[in-house]
Amino acid sequence: MRIGSGEGFWSPIVWAILALGVLAIGFAIWLQGRRTYKRGTEQEEPFLSGERLPEGAGVGATHLYWGFAEALKPLLMRLGAFHSGFLGDYVGWLLVLLVISILVVMLG
Amino acid sequence: MVHAPILAIAIPLLGAFALPILAKLNRRARDLWAVGIALVTLVFGLAVAGQVFASGKPLVYTLGAPSPTASVTEGGFPIRIVLVVDALGAFAGIIALLAGAIGLFYSLQYLAEEEGKTLGTSLLLLLWAGILGLVYTGDLFNFFVFLEITSIAACALIGYRVWESRPPEAAFKTMAMYTLGGLLVLISVGILYGEYDALNIAYLSKLITGTLLDKLALGLLLGGLLMKAGAVPAHMWAPDAYGEAPAMATIVLVANTQAAIYALLRVVFTLFGGALATPGIGWLIASLGTVTVLVAVLMAVVQRHLGRLVAYGAVSQLGYMLLAVGVGVVAAGKGFGEVALKGGIFHMINDLASVGLLFLVIGAIRRAVGSVDLLSLGGLGHTLRWESGFFLLGALALAGIPPLNGFASKFLIYESTFKASPILAAIAVLSSILLLAVVVRAFHGVFLGPKARDVGPAPWGMLVAMGVLAVIIVVFGLFPGFFIERMVSPAVQALLGGRAAYLAAVLGG
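No experiment lies behind these values; they were computed from the predicted model shown. (Residues numbered from 1 in each chain as written. Chains lettered and ligands numbered in written order. Predicted model: local features only at pLDDT ≥ 70, side-chain atom pairs only at ≥ 80, totals over all residues. Heavy atoms only, no water.)

Draft legend 1. Structural view of the pattern of salt bridges. Residue and element names in this part refer to chain B. If you walk through the whole model with that rule in mind, you get 14 salt bridges over all chains. With a closest N to O distance of 3.1 Å, D31 and R30 form a salt bridge. For D31, a relative accessible area of 22% corresponds to the partly exposed category. A relative accessible area of 1% places R30 in the buried class. The salt bridge involving R308 is made with D240; its shortest N-O contact spans 2.8 Å. Highlighted residues: R308 in helix α12 (residues 306-330) and D240 in helix α9 (residues 237-244), separated in sequence by 68 residues. Given the relative accessible area of 7%, D240 is considered buried. (Salt bridge = Lys/Arg side-chain N within 4 Å of Asp/Glu carboxyl O. Buried < 20%, exposed > 50% of the residue type's maximum accessible area, 1.4 Å probe, protein only. Helix = DSSP H or I, 4+ residues; strand = E, 2+ residues; numbered from the N terminus.)

Draft legend 2. Local environment of the packing of aromatic side chains. Residue and element names in this part refer to chain B. As enumerated under the stated definition, the model contains 20 aromatic pairs over all chains in all. A centroid spacing of 6.3 Å and a plane angle of 70 degrees characterise the contact between F105 and W460, whose relative ring orientation is edge-to-face. Pair noted here: F105 is in helix α3 (residues 87-110) and W460 is in helix α17 (residues 460-478), with a separation of 355 residues, a long-range link. Judged by its relative accessible area of 33%, F105 is partly exposed. (Phe/Tyr/Trp six-rings, centres within 6.5 Å; stacked < 30°, edge-to-face > 60°.)

Draft legend 3. Region of the structure containing the side chain of T270 of chain B. By secondary structure assignment, the location of T270 of chain B is in helix α10 (residues 247-271). Setting aside residues no more than four positions away along its own chain, T270 of chain B makes contact with I201, S205, L265, R499 and Y502 of chain B. (Contact = heavy atoms within 4.5 Å.)

Draft legend 4. Up close: the environment of A275 of chain B. Residues and elements named next belong to chain B. Within the secondary structure, A275 is located in the loop between α10 and α11 (279-301). In this structure A275 comes out as partly exposed when scored by relative accessible area, which is 31%. Separated by 61 residues in the primary sequence, A275 and D214 place their C-alpha atoms 9.4 Å from one another. With near-sequence residues (within four places) excluded, A275 lies in contact with I208, T209 and G210.

Draft legend 5. Summary view of the nonpolar core. Residue and element names in this part refer to chain B. Counting 217 residues, the largest nonpolar core has Y106, F272 and M466 as its most contacted members. Looking at this core element by element, the count peaks at 19 residues for α10. Those residues within four positions of Y106 in sequence are excluded, and the remaining contacts are A247, M248, L360, G363, A364, M462, A465 and M466. Within the second largest apolar cluster, 13 residues are counted, among which are Y320, F336, Y414 and A428. (Core = buried A, V, L, I, M, F, W, Y, C linked by side-chain atoms within 4.5 Å.)

Draft legend 6. Layout of empty space enclosed by the protein. Residues and elements named next belong to chain B. One pass over the structure, following the stated rule, counts five cavities of 30 Å³ or more. Empty space within the largest cavity amounts to approximately 80 Å³. As for the largest cavity, its lining consists of 13 residues, and the residues nearest its centre are G243, A245, A247, I362 and R366. Sorting the residues of the lining of the largest cavity by element identifies α9, α10 and α13 (335-369) as the ones contributing at least two each. For the lining of the largest cavity, a count of residues per class yields seven nonpolar, four polar and two charged. The residues that make up the lining of the largest cavity include at least three from each of domain 1 (1-276) and domain 2 (278-478). Considered as a void within the structure, the second largest cavity measures approximately 70 Å³ in volume. Around the second largest cavity, the lining residues are L134, T137, L140, F143, I201, Y262, A263, R266 and V267. (1 Å grid on protein atoms, 1.4 Å probe; cavity = no way out; pocket = protein on both sides within 12 Å on 5 of 7 lines; lining within 4 Å. Points joined across faces, edges and corners; volume = space filled by probe spheres on them. Nonpolar A, V, L, I, M, F, W, Y, C, P; charged D, E, K, R; others polar. Domains from an automatic or database assignment.)

Draft legend 7. Region of the structure containing the interface of chain B and chain A. Taken residue by residue, the interface counts 58 residues in chain B and 42 residues in chain A. The interface formed by chain B and chain A includes one salt bridge. One salt bridge in this structure joins E7 of chain A and K419 of chain B, with 3.0 Å as the shortest N-O distance. Taken together, the connections running from chain B to chain A amount to five residue pairs in polar contact (both at pLDDT 80 or more). (Polar contact = N/O pair within 3.5 Å; in protein donor to acceptor, adjacent residues only side chain to side chain.)

Draft legend 8. The environment of A101 of chain B, seen in detail. All names here are of chain B. Looking at where A101 falls in the secondary structure, it is placed in helix α3. For A101, a relative accessible area of 17% puts it in the buried group. Residues A101 and L125 lie 24 residues apart in sequence; the distance between their C-alpha atoms is 9.4 Å. Contacts of A101, omitting those with residues within four sequence positions, involve L42 and W128.

Shown next as structure tokens:
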């Protein structure tokens, strides 16, 4: 059940066998670890740089890729402005697309 | 089954108009009617696909005449309704059948009576009929008519929640864009009709030589269809529409957008395939596809509204399809061009399954919690267990994680695009990685974390609809070769080498 691209191939079955092998190795490594985890103790508390956290505090979804979004902020702000939500802009960009399409077809 | 092509369109169309009358008599009878219509449409649609794939030849059905060319006068080509279903049309029909049936089944328990269930179900059937007509029709004017049917039904469904502020606004914007796109298509049809005195795709394809007017018609068609396919920079209606439409409609809207990709393939390879399918057009489509992938994924990063986040993810997948179509045009006649088209066409059904599943889960979340704002969600995995599993599966498939179905089609797209342009391939791969980050964030934000509220799971009917899509994701992912060989490869052959067969099936000889 593999598919070929002319250059390579993709076989989900081969991949699944390899993935199971990797998982087995990972599990074997995990078994070598220390068994000091105790349920219901302070070990279950979230650890954030040793700070005492208020009740119910955690890492929210918006925090997850904060650095990533921060690094791309200039680009994302421009893209946000591009997606203005104004129908006039939508129509304007459709005209741009139309002109490009016609020009490309005309020039061959 | 001789009349299967027209019945697959007529039954949901007539069923949609009869449904409100039945609803006046009895609500249970209305639901049974909707299920019956869906089943009968499935039977006829699958019969059409079965006939086409089994025979390997296009299926031609002429309304009111024994053959498309039959005429009482000599010369020209009669103006009449002709349905032509080749392997590509049959494949696009299967996508539409799947989306419509699942959307309808899901809607039975998703839509509330006080929120206009009868209207929603009728519109869904109407949209379904329009899409099937769009992919089965063999002439340009009927193509325009079905395009308008889908536009009207789609916009009514997008604005379904009239008691909220955003859905009507999204519907209005989408209607404006669809109307302009439809006008471009209509002007193009008018130009070709004025030039050749014909509307039949096969007959026009035989006559088109690449005149200035032909080029103008192709440019207008490209503009209209690329907009409807959600290509940047005319994609902005899509996140509005997908984000605000009720869940059962969104999956059919995705099929509707994919019908525009089908139309793009039909126009470039069949209608203008003999004269104007130049590498320049291929590069245009491929470049727009790549920009669409990148822009949509970046916009998904900053979304707080779960529906809009997945909507941008859906737009990015349309970009992958456009990229594949573009590479297929650029490299027509070469091996990797065929691989690109296989990847792009296979990605259509994979995208429907993964994006459709995500939207159905979002519908279940909205129904349970009443909000899809990422900042107000969290910990839903404690109670919505099936939904969380389905969301994770759909998200991983959308991001192209092996061994799910999204990876199989993206693998073909990446490999073929790399041969055409390594830069475009690199952007496509990087965007997919970024999309993974986005969907992981969404999953974390909605389902993980401490339990915040008690909510009930979705009704069984909604879970079954989601389950069907989940099974497709896994099965298509584990056995891609089986489906590519039986459904995708014939569709690609219908485009590359099948133009002559398409013309011969309609025109004879």
